[in-house]
Amino acid sequence: MRPLIGKLDMLLLRDAPQKCCSKRIKDRMRLLKDDVQKISSYLDELSEVEDPPPMAMCWMNEARDLSYDMEDYVDSLLFVPPEDPSLFANNIKATRSLRKWFSRVKTSQTQVISAGTLSEFRRYVQEAIQRHQRYNLHSCRTLRRRFVSHGPMVLPRPYEETADIVIDGRMNEFINSLATDGDQQLKVLSVLGSACLGKTTLARVLYNRFRKQYNCRAFIRVSKKPDTKKIFCDMLSQLKRQHPLQHCREIDLIHDIKQYLQDKRYLIIIDDVWAASVWDTINHVFPKGNHGSRIITTTQIEDVALTCCCYQSEYVFEMKHLDDDHSRKLFFNRLFCSERDCPEQFKDVLNEIVETCDGLPLATVSIASVLASQPVMSIDLLTYIHRSLSSCFSASERTRQALNLSFNSLPQYLKTCLLYLSMYPEGYTILKDDLVKQWVAEGLIYTTEGQDIRKDAESYLDQLIGRRFIQPICVNYNNEVLSCAVHGMVHDLIAHKSAEENFIVAIDYSQKNVPLSQKVRRLSLLFGNAKYAKIPANITKAQVRSIGFFGLLESMPCITEFKLLRVLNLQLFRHAGDDDGPVDLTGISEMFQLRYLKIAGNVCIKLPNHVLQCLEILDIADARVACVPRDIHLPNLLHLGLPVDKNLLDWINSRMSLSVERVRKLQDLHLTRSSALSSDHLNRSMSSILSLLGGHGNLKTLVVAHGSSAKNARGASDVTLSLDLLAPPLLQRFEFLPHSHIMFSRIPLWIEKHGNLRILKIAVRELQMSCVDILRGSPALTALSLYVEKAPYDKIIFDKAGFSILKYFKLRFTSDIAWIKFEKGAMPNLWKLKIVFNAIPSFEKDGTALVSIEHMPGLKEISTKFGGEAPDLEYALRTLVSNHPTNPIINMPSNKTLGGEQPHRNLEQESDEILKEDPYGNLEQESDEILEEQEPDEYDERLERRQADKRYYKCSL
C-alpha cells in the first residue's frame, strides 16, 4: 500500500487542492491516510507470516483489492480525469458515490475532491480493520515468521554459467567427446534428465565453448506449449542474423532455414523438448551433410531423447544427481567462496543441508543463495531449513520447497517485482531495459527523493539474479545484465503465487473462461499463433493496469476498453496475406494514466492527436507510423524509440520550433532507419533530427540503428550527410551503428571536451593521430567502438595520455591493414581489447608486427581477428601480432574446427555476415552492441556487401 500512501501525501501537499478544498475535506483525507497506514501495517505483519491461515489470506487479498480501488480514485484526482463518468462503474465498492461525483464534475486540469467519496472509502477501510480484529488475525503474530533479509544481494563478479553447475567427470567426458569427434556426418545428441539437474546450463556451456567453430549457430528454447512458427522465426533470425519478415508462412520459414543450412557447418541447441512430435516438426529443417554439423537437444523424457537420436542410445547423455563432493563444492563456493572458509560451528548442519538437497543443482544453489543473503547466520535458521527440506520425499518436491523458502525470504518489494515476470511466457528472453521500465511505470519501485529510480530498479534486478531467481542471458563487458530469463520451475512458482495473490492473470489461447475471485489488475494474453483467440467473457476490462499481449494482430482485444492502463506491451505479428491496414491506437488518448507503451512487430499504427500527459516510455521503433499527429504533446516522455520515415520527417519540418519543447524531458532517443526511405528523405531526416537535438538539455542517449525491415534489405540507398552537430550537454551514449549506413568523415570535434560522454560507437572514413588526440581528450569515456573504412598510412600510436578510465575498446578496419601500437602503460584501466581487420594480411611485409601491444596492466582479455582464410593464416597471426608476455594471451580465432577439418566457408559470405549476437543469438539487443561484449567475436556488426556505387553518409563536423 506504499504507493497509495505516497499519493495521498501528494494530494495533501500539492498547491491546487489547497485552493479548492475545504478544511473539512482535508481533515477527511488525513483521517483516510491514517486508516490506510494502519491497514498497511496489518498487511506487512501478515506478509511476514510463513504459512498464514486461509482467513488471513482472504483478508490480505481484500485489503489489496481495496487499496487498488482507492489508488485508482486518487490517480483520477492527481491526473487529468476521464470524460466518461462510468469509468468506475461496477468497478469499485463506492460505485454510487463515484457515479454521483462524476456526474457533477466537468473535465478540468484539477478535479474537485468529493467529501462523500472520501467518507465512503474510509468506511470500507474501517470495515476491513474491524474484520481483521473480528477474525483475530492479531494472533498470527505468534506463528512462525519468514526469515527475510533486507540487505543487498549483488551479482557475483564475474558472472559465469558454471557458477550454477559443477562440471563433474562424466560431463567432462561428454564435452571432450564432442571436442574430439572427427565424424563429419550430421549428428544429433541429446541431454536427458529430470527437472533441475542443470541440462540447460550444460547446454549453454557447450554452446559457448564450441560456437565459434561453426559457420552458423542458434540456441532455441522450446516450452511445454511450443509455437512452432515462433521457433522457426527465432532459428532463422539467429542463423541468418537478421529478422525474418513476420508475415512469412511456416512452410516458407522451413524452406529458408533448410536452404540456408545447406553446405554449412552448423551448431543448433534445441532446449527443453517435451514431445517427440515437436522434434519431428523441427527436425524437418535440418539438411543432411558431411560438414561436421551438430544438433544438441535437452529433454526430461527418455522416449523424446531416443527419438531425437534415432534410437542410438550412445548419443544420449543422461544427467545424474551431483555426488556429495561436487554438491558441497557447488554449495560452499556459492556461500563462502570455498568450503575451507566455512565457520567450524556451521559445518555439520550445512553438510546435512547439502545432503538433503540430494545433488540437485537448482535446489543447492537456491538454498546457498538464501543463506548468502542473510546478514547473520544462526544454528536455528539452518536447522529450520534442514527440517523443511527433509519433509519432502521426491527430488522435485525438494526443489520446489527450496525455491519456496528462497521466495519467502525475499523482502516484499523484491517479491512484487519477481511476480511481475509471470507477465511473460515461459522461456521468454526478457530485455532488462524493458523490464525495469515496466517496473517503474507500474509503481513497483520504492525510492526516496533525489534517488535515481532507474538505478534502484536495476539494483532490484541484480538482487533477484544474485538470489538465482533470474538467469542472465546476455552480460556485457562490465558484468551488466542486458537480457535475462526465468527457469521453468521458477516460472511455475511465481505464476502460482501471482494467481494466489491475484497479482497477475495469465491466459493462453485455449482458455474460454477463468475462475476469478477478484478483479483482474494485470493481464497477460499468451495467444501465440491462434487466429481466433479472445479474452474470456468474465473478465472486466476497465480496472486492468497492465497488459502484455503476445499474438496475432487480429486476436488483439479492443485496447480502448482498458481505461486505467499504466503499461501496454504489444508483441504483434501477422499471418501472410493479412490486411496491412493501420492499427488504430488513437483511443489511448483516453488512458490518462498510461506510462509505458511498446509495440513490437512490423505493423502500421495510428497514434492519437492529443496530449498524452503521463506517458514516459514510447517504443515503436519496430513499427511503422501511418501518420505522425501534428499536435501530439508528450510533456513527461523520458524514453522514445521511433522509426525514421517520411511521416516523421514531415512532422519535424512542420513543427520545427515546437518539436523539442513537446518532449522537453526526453532522456533516451533510439531511432531506426527504414530501408524504404529514399536518400533525400533520409538525408533531410537526419539533418533535421540532429540539429533539433543539439541543444536538448536532458538527452543522455542517442542511438541510430536499422529497423527490422532494413535488416532484410540489401542495397539500401545511401546519401551524403553534412552538418555541424552541437552535442547535448548531458549526452552519455552516442551510437551511429555501422549498418545504418551513416559514416562520419572523421571523429567529431565536440567529443574532445565533452565531460559526460561514456559510450561512443561510430564509423569513420579514416582514422589519423589527430582523431586519437580528440578521443583521448574525452575524460568520461569508458567504452569505445570504432569502425574505420580506410586504413591510415602512418602508424596509430596509443600512449599514456588520456583514456584513463576506458574499460572496453574495439577497433575494426573494414578494408586494408593498419599499423597499430599500444605503448607501455597505455589505457591503464582497459579490461578488454578487440582488434579486427576485415582484409587478408599481406605476408610479403617486412616482418614488422602489424599490432604491437606492450605492457598494459589492466587488461583481462585481448582478441584479434583477420578476415578471410589462408593456409598459413595461423602462422601470420602469430607473427604479425606482438604481445608483451605479461599481458593475457591473445585470443586468435583459428580456422581449425572440431575433428581437425576446415569449415566450408565462402569469403564473400564471411565478410558480409560478421554480426553481433548475444550468447544465444538474441537479436533484440543490436542497438546495445557496444555494451554486450562477452566473447571475442560475439558482437561484431554486419558489414554490408561492398558495391561499386555505394556511398556513405559523411558527417563533416
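Residue indices follow the written sequence of each chain, beginning from 1 at its first position. This being a predicted model, a pLDDT of at least 70 is required before a residue's local features are given, and a value of 80 or more before pairs of side-chain atoms are given or counted; all residues contribute to the totals for chains, interfaces and linings. Side-chain figures throughout are based on the complete set of non-hydrogen atoms in the structure, without hydrogens or water.

- Per an unreviewed UniProt entry, the chain goes by NB-ARC domain-containing protein and derives from Aegilops tauschii subsp. strangulata.
- UniProt positions are given in the numbering used here, feature names are shortened, and annotations may be inferred rather than shown by experiment. Its UniProt record, at the heading Sequence similarities (unreviewed entry), says of the chain: "Belongs to the disease resistance NB-LRR family."

### Some remarks on the overall build of the chain
Consideration 1: Secondary structure follows DSSP: runs of H or I at least 4 residues long count as helices, runs of E at least 2 residues long count as strands, and numbering of each begins at the N terminus. Check the secondary structure of the chain and you find 28 helices and 33 strands.
Consideration 2: The proportion of buried residues among the 957 residues of the chain is 59%.
Consideration 3: Any two residues whose heavy atoms approach within 4.5 Å are treated as being in contact. A sequence separation of at least 24 residues applies to 70% of the contacts in the chain between residues at least 6 apart.
Consideration 4: For the chain, the accessible area works out to roughly 37900 Å², and carbon and sulfur atoms hold 50% of it. A simple rule labels every residue: compare its accessible area, found with a 1.4 Å probe on the protein chains alone, to the largest value its type can have, and call it buried under 20%, exposed over 50%, or partly exposed in between. Computed by Shrake-Rupley with a 1.4 Å probe, the accessible areas treat only the displayed protein chains as cover when residues are assessed.

### Digging into the nonpolar core
Consideration 1: Within the largest apolar cluster, 105 residues are counted, with the highest numbers of intra-cluster contacts made by L523, I599, F734, F809 and F822.
Consideration 2: With 4 residues, helix α26 (residues 769-776) is the single largest residue contributor to this core.
Consideration 3: Setting aside residues no more than four positions away along its own chain, F822 makes contact with F798, F809, M827, L833, I835, S852, I853, E854 and M856. Here, nonpolar core means buried Ala, Val, Leu, Ile, Met, Phe, Trp, Tyr and Cys residues that are tied together by side-chain atoms lying within 4.5 Å of each other.

### Describing the side chain of K497
Consideration 1: Counting through the fold element by element, K497 comes out in helix α21 (residues 488-500).
Consideration 2: Working convention for charge: Lys and Arg count positive, Asp and Glu count negative, and His plus the chain ends are omitted. In the sections that follow, a salt bridge refers to a side-chain nitrogen of Lys or Arg positioned within 4 Å of a carboxyl oxygen of Asp or Glu. E500 provides the closest opposite charge to the buried, unpaired K497, separated from it by 4.5 Å.
Consideration 3: Contacts of K497, omitting those with residues within four sequence positions, involve N404, F407, N408 and L419.

### Description of the sheet that holds strand β13 (residues 583-584)
Two modes of strand pairing occur in sheets, parallel and antiparallel, and in both the strands are linked by backbone hydrogen bonds.
Consideration 1: By definition, two strands form a pair when at least two bridges between them are found by DSSP. The parallel open sheet is built from 3 strands, whose spatial order is β13-β15-β17. Bordering the open sheet on either side are β13 and β17 (624-625), each of which pairs with just one other strand.
Consideration 2: Pairing geometry for strand β15 (residues 604-606) and β17, over 2 bridges, is parallel. Pairing of C604 across the sheet is with R624, part of β17.

### Examining the environment of G587
Consideration 1: With respect to the helices and strands, the residue G587 is situated in the loop between β13 and β14 (596-600).
Consideration 2: Along the backbone, G587 and I559 are 28 residues apart, and their C-alpha atoms lie at a distance of 7.5 Å.

### A closer look at the side chain of R776
Consideration 1: By the secondary structure assignment, R776 is in helix α26.
Consideration 2: Accessibility expressed as a relative area gives 16% for R776, which makes it buried.
Consideration 3: A polar contact is formed between the side chain of R776 and the side chain of D773, at a distance of 2.4 Å.
Consideration 4: Polar contacts, as used here, are pairs of N or O atoms within 3.5 Å; protein pairs need one atom able to donate a hydrogen and one able to accept it. Residues neighboring in sequence count only if both atoms are side-chain atoms. Among the polar contacts listed, one links the side chain of R776 to the backbone oxygen of A801, at a separation of 3.2 Å.
Consideration 5: When sequence neighbours within four positions are dropped, the list of residues in contact with R776 reads I797, F798, D799, A801, G802 and F803.

### Quick word on the sheet that holds strand β29 (residues 851-853)
Consideration 1: Read from one edge to the other, the open sheet built from 4 strands follows the order β25-β27-β29-β31, with strand pairing classed as parallel. A single partner strand is all that each edge strand has here, and the edge strands are β25 (796-798) and β31 (881-883). The mean inter-strand angle of the sheet, taken between neighbouring strand axes irrespective of direction, is 5 degrees.
Consideration 2: Here β25 runs beside strand β27 (residues 820-822); their pairing, made up of 3 bridges, is parallel. Paired with I797 across the bridge in β27 is K821. Lines fitted to the C-alpha atoms define the axes, with helices restricted to the stretch that makes contact. Angles between their N-to-C directions range from 0 to 180 degrees.

### Description of the pattern of salt bridges
Consideration 1: Counting across every chain of the model gives 42 salt bridges.
Consideration 2: A salt bridge links D434 to K598; the nearest nitrogen and oxygen atoms lie 2.5 Å apart. Residue D434 is located in helix α19 (residues 432-441), and its partner K598 is located in strand β14; the two are separated by 164 residues in the primary sequence. Across this residue pair, the class does not change: D434 and K598 are buried.
Consideration 3: Between E861 and K832 there is a salt bridge; the shortest N-O distance is 3.6 Å.

### Considerations on the packing of aromatic side chains
Consideration 1: Ring pairs shown here join Phe, Tyr and Trp side chains whose ring centres sit within 6.5 Å, with only the six-membered ring taken for Trp; geometry is labelled stacked below 30 degrees between planes, edge-to-face above 60, and tilted in between. Applying the stated criterion across every chain yields a total of 22 aromatic pairs.
Consideration 2: Ring geometry for F736 against F744: centres 5.4 Å apart, planes inclined by 80 degrees, an arrangement best described as edge-to-face.
Consideration 3: For F744, a relative accessible area of 2% corresponds to the buried category.
Consideration 4: Here F798 and F803 contribute two aromatic rings whose centre-to-centre distance is 6.1 Å and whose plane-to-plane angle is 65 degrees, an arrangement assigned as edge-to-face. Residue F798 shares its accessibility class with F803, and that shared class is buried.
Consideration 5: Within the aromatic cluster, the residues linked to one another by ring pairs are F734, F736, F744 and W750.
Consideration 6: By definition here, charges over rings are those cases where NZ of Lys or CZ of Arg is within 6 Å of the ring centre and within 35 degrees of the ring normal. Lying over the aromatic face of Y214, R265 brings its terminal NZ or CZ to 4.6 Å of the ring centre.
Consideration 7: Sitting over the face of the ring of F503, R522 holds its NZ or CZ atom 4.1 Å from the ring centroid.

### What about the pairing of strand β11 (residues 546-552)?
Consideration 1: Counting buried positions along β11 yields 7 of 7 residues, so the element is predominantly enclosed.
Consideration 2: The pairing of strand β10 (residues 522-528) with β11 spans 6 bridges and is parallel. The residue of β11 that forms the bridge with R522 is S546.
Consideration 3: Direction of pairing for β11 relative to strand β12 (residues 567-573): parallel, over a ladder of 7 bridges.

### Let's talk about the pairing of strand β24 (residues 783-790)
Consideration 1: With 7 of 8 residues buried, β24 is to be regarded as a mostly interior element.
Consideration 2: In this structure, strand β23 (residues 759-766) lies alongside β24, joined through 7 bridges in parallel fashion. Looking at the pairing, L760 lines up with L784 of β24.
Consideration 3: In the sheet, β24 pairs with strand β26 (residues 808-813) via 6 bridges, with the strands oriented parallel. Within β26, the position partnered with V788 by the bridge is F813.

### Digging into the confidence of the model for the chain
Consideration 1: For every residue, the predictor states its confidence as a pLDDT score lying anywhere from 0 to 100. The share of residues in the chain with pLDDT of 70 or more is 77%, and the mean pLDDT across the chain is 79.
Consideration 2: Between residues 709-717, whose pLDDT stays under 50, and residues either more than four places distant or in other chains, the model counts 27 contacts.
Consideration 3: Contacts of residues 719-723 to residues separated by more than four positions or lying in other chains number 24 contacts, the stretch itself having pLDDT below 50.

### Thoughts on the packing of helix α17 (residues 395-408) against α21
Relative orientation and spacing of two packed helices are given, respectively, by the angle between their axes and the distance between those axes.
Consideration 1: The interhelical angle for the contact between α17 and α21, taken along N-to-C directions, is 55 degrees, at an axis separation of 10 Å. Between α17 and α21, the angle is such that the two are oblique. When the axes of α17 and α21 are compared, the crossing they make is right-handed. Contact residues: T399, R400, L403, N404, F407 and N408 in α17; M489, V490, L493 and K497 in α21.
Consideration 2: Counted by class, the contact of α17 with α21 contains 5 nonpolar, 3 polar and 2 charged residues. Just so you know how the angles are binned, under 35 degrees is roughly parallel, over 145 roughly antiparallel, 65 to 115 roughly perpendicular, and the rest oblique. Two helices that cross are described as forming a left-handed crossing if the nearer one is turned anticlockwise from the farther one by less than a right angle, and a right-handed crossing if clockwise. Each residue is assigned to one of three groups, with Ala, Val, Leu, Ile, Met, Phe, Trp, Tyr, Cys and Pro labelled nonpolar, Asp, Glu, Lys and Arg labelled charged, and all others, Gly among them, labelled polar.

### Section: a negative patch on the surface
Consideration 1: For patch detection, residues must exceed 30% relative accessible area and be free of salt bridges, and they are connected within 9 Å for like charges or within 5 Å for nonpolar side chains (Val, Leu, Ile, Met, Phe, Trp, Tyr). Throughout, a charge is located at the NZ atom of Lys, the CZ atom of Arg, the CG atom of Asp or the CD atom of Glu. Side chains of D323, D324, D348, E352 and E355 sit close together on the surface and give a patch of like negative charge.
Consideration 2: Examining the composition of the negative patch, we find that 3 residues originate from one element, helix α14 (residues 347-356), more than from any other.
Consideration 3: With respect to the helices, strands and loops of the structure, D324 is situated in helix α13 (residues 324-336).
Consideration 4: In this structure D324 comes out as exposed when scored by relative accessible area, which is 52%.

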